[in-house]
Number of protein chains: 4
Amino acid sequence: MFKGIYTPIVTPFDADEQINYDYLKHNLDSWGKTDLDGIVVLGSNGEFVYLNKEEKMQLVKFVKENFNPNKKILVGTACESTKETVEFSKEIAALGVDAVLLLPPHYYKGGMTEEVLYKYFMDVADAVPIPVMLYNMPGNTGINLSSGLVAKLAKHPNIVGVKDTSGNIVQISEIVRDTDEDFAVFAGNTGYLLPSLAVGARGATLALANIIPEECCKLVSLFNEGKLAEAKELQLRMLEINFAVTGRFGISALKYALDLLGYKGGESRRPLVPILEENKKIIRELLIKYGALS
Amino acid sequence: MFKGIYTPIVTPFDADEQINYDYLKHNLDSWGKTDLDGIVVLGSNGEFVYLNKEEKMQLVKFVKENFNPNKKILVGTACESTKETVEFSKEIAALGVDAVLLLPPHYYKGGMTEEVLYKYFMDVADAVPIPVMLYNMPGNTGINLSSGLVAKLAKHPNIVGVKDTSGNIVQISEIVRDTDEDFAVFAGNTGYLLPSLAVGARGATLALANIIPEECCKLVSLFNEGKLAEAKELQLRMLEINFAVTGRFGISALKYALDLLGYKGGESRRPLVPILEENKKIIRELLIKYGALS
Amino acid sequence: MFKGIYTPIVTPFDADEQINYDYLKHNLDSWGKTDLDGIVVLGSNGEFVYLNKEEKMQLVKFVKENFNPNKKILVGTACESTKETVEFSKEIAALGVDAVLLLPPHYYKGGMTEEVLYKYFMDVADAVPIPVMLYNMPGNTGINLSSGLVAKLAKHPNIVGVKDTSGNIVQISEIVRDTDEDFAVFAGNTGYLLPSLAVGARGATLALANIIPEECCKLVSLFNEGKLAEAKELQLRMLEINFAVTGRFGISALKYALDLLGYKGGESRRPLVPILEENKKIIRELLIKYGALS
Amino acid sequence: MFKGIYTPIVTPFDADEQINYDYLKHNLDSWGKTDLDGIVVLGSNGEFVYLNKEEKMQLVKFVKENFNPNKKILVGTACESTKETVEFSKEIAALGVDAVLLLPPHYYKGGMTEEVLYKYFMDVADAVPIPVMLYNMPGNTGINLSSGLVAKLAKHPNIVGVKDTSGNIVQISEIVRDTDEDFAVFAGNTGYLLPSLAVGARGATLALANIIPEECCKLVSLFNEGKLAEAKELQLRMLEINFAVTGRFGISALKYALDLLGYKGGESRRPLVPILEENKKIIRELLIKYGALS
């Protein structure tokens, strides 16, 4: 059911830190015309931690009403408590989106044993009326969802996949090995897109696809057509710009790249800071080097 | 201004995960009669991440109305965004509490450089009308507030102290060295209370003081009276029960210990799990061994 | 020049902790008849840290005299000091082996900056008369050789490749991207063999190839023939036994698996401990499940 | 038996990387006239990993013959294998030194479970005819000796103490709590000297005592005399220069400080690099600021 390339969309803000819905509409129109299979709203790149509940509801409603209805919408709904996650996920589900994407609770790192995490995800999957995709993001949460835990959770009929942003290709391989073919194992970053496809991943959720969605989709096509050498060449070529907008400079750089490429990135919310002028220059040069900009 | 022993109070829940205000009132009455200098509401041991905004406001209001007015109240108010932290801190300040306790934003770990954190705390300290105490809790946040950063922030007239739960005694020493005498350097865990006092800490915020507040206060007295040998003996004696209720078994164990000692711990919210029967036995035995229970 | 599958051979010991050369001869004869491109002597799986210099010299001499002369021999020669590494590498080179494999010095972790490591490897590569392959093994050394550092070192005419055991597939991809085509990028563990080939690695040094060398070589063939689905199936199938003999149970388990498969594993040196009886059972079952044993 | 302040002496090298015994003699004479209780030879600050076995034997022999016979000599003798550690420790013991200081084996980090480490230390302590002091140095080894492990080992009659350089003051406290009074718990760095004394440590092994031995001894005296305020003042004052010569700039800076203070630091062995000119300036200024230099 879930496969191909998704992008976790950015949330464009005005200079006064309010969501700019005109910008968002512009971007949704553009992404809707690409080969993307869908988008993720309220993901890490969407600054979900900086939005309050009302803003989140309004945002998802707007996306649902304004995005290409032939593509899928996933929504990040994890809260720290089971109770709040269930309640919020249900409200989001009622808006007609396709699935929720669930980070593990992570504040009490010492208490989040595999048993506790298992119960959390099972409780939520039992209660939420739409499919659940697990979201493993140890870089931000400090918690890893092991392949053993994911495989156990994958037996729940309502848990349909995992976005793994650990960068651990062995773990991704083990999840593919230990789950059914219809369980959607998604790479969480372009840095290991081809390696993940090579071991059986069915798709990916890529911040880079905010700015060059067609290139990300093309890598999947090349792989599916058995054009390994071309796929490798593209994979290696995407690494540098990918690292710049996801690792080295962060969300503000991703938004600046959107601006350069005809999208509307807008500002970020504090404490995130605007991209420095010297880093703008680097982003521009990397996009030119890549061939996305002339 | 801030010194001595504070305890980050637990939030007692019913079996249906609602806050039990009767239990809370009972505990506030008890703590109010001890030598504690104050309490922290909405701290890590208060399960603040499991409470929504309405619950937080109501809880703080209740504490303010029901706690010994001669003792201080600190409130944890950190949110991920600067905007929301400022707004929430102002609302809490309006309830008449003594200071806010501020964790750093920590979801985007890669983006939380010292510069970004500096600006965050300065922005909040500028905007909030009551004193700000920094809260360093790398075990839960994955972010450390270095001694250099704390010393820079300590120059802001509205930043009055730091609760350091890093366990890094060199860092605590450096903060004492690099700040004025009226800057409140607080140890964040009983495990290093005496060592912190020895290098000049002015107080501590101790989960253990939920259950044995007088013993924690006594260690400070012994130290102040120069009774080093007795202080050392008490420090070593407190380590085991402290580790059990803060590190080994977590908040549910702390709540169970409260139950045993005449307080009302109540339940925790999911995903936290109730304490196992075999661990209850251990807690009981440790309290007996310590001498708090017979 | 260097490509394909190498195995870091184990060093079989007697019950009294002496090297058993009969066992070694038996194994060398067996490995020599396989499709392996070569072997590594004095690698991590060879317990090189438990051998003194005399033993190391004698061992390498024996291997050189007794191994199939049509296959290559790499030798681990890193010592902590530049001086001792150069001297020992020269002595080893004089025995007629094909290259040395160099771990970074790693005791003074804080002092091993990229500049210091760069100088170390350049100094050694300048002085040693045979090719140098870098060996990145952060799990044991606590030091990572970044893709940037490796790319810089790759410009030295005598530094011909890297064995990367970081498990970081992005790093391996970057090294491929940033080095010439004749620079031998080798995966350091079977866990990411296919992903590494997919991004352009030219070979691998695999502990697993001690016990099932032909299977490891077959994966390379399948990949080279474009049989991606079969390669993926084999990659996933090898994960479990690979983890058992390299991660979960260690060198003693690898030696026990050798015993089961007609090789002679022998004992390990203390502090390494013999494999437990219950773990022997697991190894046997995994080999049967894999199909290497009936 | 072991108490007070020891210093892990540096090994002075010539420009051609040979040990300079004249320099060493000069230093031994100077340290021998201080209040130091003893010295450690072949410790981390002595660059033991850069010396071969012959050099180590000769060095220890020289120290034994040239150091004040009223002070104690500890020697670092750990090798990776049990066998080599035992053999080398016996040879060192035969030179008439007072104890050996034993790091855990640490190359195979995954295999060094508490059980394996326990057996290693017990095997060595059984075989070596002089007392054994454990040496916990996780920053360099990547392995921590837990308080539980140390307490178990402390029951061996020949294991007489531990130098703990973890910086974990809770762990140090637990070791004091769980061992007999004659077990020598030593702080491993000046950064936490006073905190360690406060919880019952009996001494310390301090790199800083290479350059300002009397000041380190004075802190112990102040503490023993109950002059807590003065002890605290001294502790805080030593932090900056201590960090400079142990953490920030490393062994070359420590040697440069020795040069400035009338000792003979000499050069380091590669890959360690000489101290930069700009860092020399910083060391000089810190020594002046401290009052050790005018």
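Residues numbered from 1 in each chain as written. Chains lettered and ligands numbered in written order. Predicted model: local features only at pLDDT ≥ 70, side-chain atom pairs only at ≥ 80, totals over all residues. Heavy atoms only, no water.

## Notes on the nonpolar core
Where a protein is soluble and globular, its nonpolar side chains tend to be buried together.
Right, so step 1: Formed by 480 residues in total, the largest nonpolar core has its most connected members in Ile283(B) and Ile283(D).
Right, so step 2: Ile283(D) has contacts with Ala244(D), Val245(D), Phe249(D), Ala253(D), Tyr256(D), Ala257(D), Leu260(D) and Ile275(D), leaving out every residue within four places of it along the chain. (Core = buried A, V, L, I, M, F, W, Y, C linked by side-chain atoms within 4.5 Å. Buried < 20%, exposed > 50% of the residue type's maximum accessible area, 1.4 Å probe, protein only. Contact = heavy atoms within 4.5 Å.)

## Remarks on the packing of aromatic side chains
Right, so step 1: Counting across every chain of the model gives 28 aromatic pairs over all chains.
Right, so step 2: Here the aromatic rings of Tyr6(B) and Phe186(B) are separated by 5.6 Å at their centres, their planes lie at 55°, and the arrangement is tilted. Here the residue Tyr6(B) occupies a position in strand E1 (residues 4-8), and Phe186(B) occupies one in strand E7 (residues 184-187), the gap between them amounting to 180 residues. Neither Tyr6(B) nor Phe186(B) differs from the other in exposure class; each is buried.
Right, so step 3: Between Tyr107(C) and Tyr108(C), the ring centres sit 5.1 Å apart and the planes meet at 80°, which makes this aromatic pair edge-to-face.
Right, so step 4: Ring pairs connect the aromatic residues Phe48(A), Tyr50(A), Tyr107(B) and Tyr108(B), which therefore count as one cluster.
Right, so step 5: Lys72(B) extends its terminal NZ or CZ atom over the ring of Phe2(B), reaching a point 5.8 Å from the ring centre.
Right, so step 6: Lying over the aromatic face of Tyr118(D), Lys152(D) brings its terminal NZ or CZ to 4.2 Å of the ring centre. (Phe/Tyr/Trp six-rings, centres within 6.5 Å; stacked < 30°, edge-to-face > 60°. Helix = DSSP H or I, 4+ residues; strand = E, 2+ residues; numbered from the N terminus. Lys NZ or Arg CZ within 6 Å of the ring centre and 35° of its normal.)

## Thoughts on the pattern of salt bridges
Right, so step 1: With the rule as written, the count across this model stands at 60 salt bridges over all chains.
Right, so step 2: Glu91(B) is paired through a salt bridge with Lys53(B); the nearest N and O atoms lie 2.7 Å apart. In this pair, Glu91(B) sits in helix H3 (residues 82-93) while Lys53(B) sits in helix H2 (residues 53-66), placing the two residues 38 residues apart along the sequence.
Right, so step 3: According to the relative accessible area criterion, Lys53(B) is partly exposed, its value standing at 37%.
Right, so step 4: Shared partners join several salt bridges into a network, and the residues in it are Glu17(A), Arg270(A), Lys119(B) and Asp123(B). (Salt bridge = Lys/Arg side-chain N within 4 Å of Asp/Glu carboxyl O.)

## With respect to the relation of the copies chain B and chain A
Right, so step 1: When chain B is fitted to chain A, the best match, at an RMSD of 0.0 Å, comes from turning it 180° and sliding it 0.0 Å along the axis. Here the transformation between the copies is reduced to the relation of a two-fold axis. Residue Gly142(B) of chain B places its C-alpha closer to the rotation axis than any other residue of that unit, at 3.5 Å.
Right, so step 2: A share of 100% of interface residues in chain B that are also interface residues in chain A marks the association as one of identical surfaces. (Least-squares fit on C-alpha atoms with pLDDT ≥ 70 in both.)

## Overview of helix H9 (residues 213-224) of chain A
Residues and elements named next belong to chain A.
Right, so step 1: If you check H9, its first and last C-alpha atoms are 17 Å apart, about what 12 residues at 1.5 Å a residue would give, namely 16 Å.
Right, so step 2: Taken residue by residue, H9 has Pro-213, Cys-216, Cys-217, Leu-219, Val-220, Leu-222 and Phe-223 as its buried positions.
Right, so step 3: One or two residues past the end of H9 sits Gly-226, with phi positive at roughly 75°. (Expected span 1.5 Å × (residues − 1).)

## With respect to the packing of helix H1 (residues 21-32) of chain B against H2(B)
Residue and element names in this part refer to chain B.
Right, so step 1: In contact at an axis separation of 10 Å, H1 and H2 are set at 40° when each is read in the N-to-C sense. With respect to their mutual orientation, H1 and H2 come out oblique. The handedness of the crossing between H1 and H2 comes out as right-handed. Along the contact surface, H1 presents Tyr-21, Leu-24, Lys-25, Leu-28 and Asp-29, while H2 presents Glu-55, Gln-58, Leu-59, Phe-62, Val-63 and Asn-66.
Right, so step 2: Residues that form the contact of H1 with H2 fall into these classes: 6 nonpolar, 2 polar and 3 charged. (Axes fitted to C-alpha atoms, helices over the stretch in contact; angles between N-to-C directions. Parallel < 35°, antiparallel > 145°, perpendicular 65-115°, else oblique. Left-handed = near helix turned anticlockwise from the far one by under 90°. Nonpolar A, V, L, I, M, F, W, Y, C, P; charged D, E, K, R; others polar.)

## Examining the pairing of strand E6 (residues 159-164) of chain D
Residue and element names in this part refer to chain D.
Right, so step 1: Burial analysis of E6 places 6 of its 6 residues in the buried class, which makes it a mostly covered element.
Right, so step 2: The pairing of strand E5 (residues 132-136) with E6 spans 5 bridges and is classified as parallel. Bridged to Met-133 within E6 is Gly-161.
Right, so step 3: Both E6 and strand E7 (residues 184-187) contribute to a ladder of 4 bridges, which runs parallel. If you follow Gly-161 over to E7, its bridge partner there is Ala-184. (Pairing = 2+ DSSP bridges.)

## Describing the confidence of the model for chain A
Right, so step 1: Taken over all residues, the pLDDT of chain A has a mean of 98, while the share at 70 or more is 100%.
Right, so step 2: Predicted complex metrics record ipTM = 0.97 and pTM = 0.97. (pLDDT = per-residue confidence, 0-100.)

## Here we look at the interface of chain B and chain D
Right, so step 1: Between chain B and chain D, the residue contacts involve 20 residues of the former and 20 residues of the latter.
Right, so step 2: Carbon and sulfur atoms make up 77% of the area that chain B and chain D hide from each other, which totals about 1,700 Å².
Right, so step 3: When the area that chain B buries against chain D is broken down by residue, the three leading residues are Arg177(B), Ala198(B) and Leu236(B), summing to 28%.
Right, so step 4: Sorting the residues of the side of chain B that touches chain D by element identifies helix H7 (169-178), helix H8 (193-198) and helix H10 (228-248) of chain B as the ones contributing at least two each. (Buried area = accessible area lost by both parts, 1.4 Å probe.)

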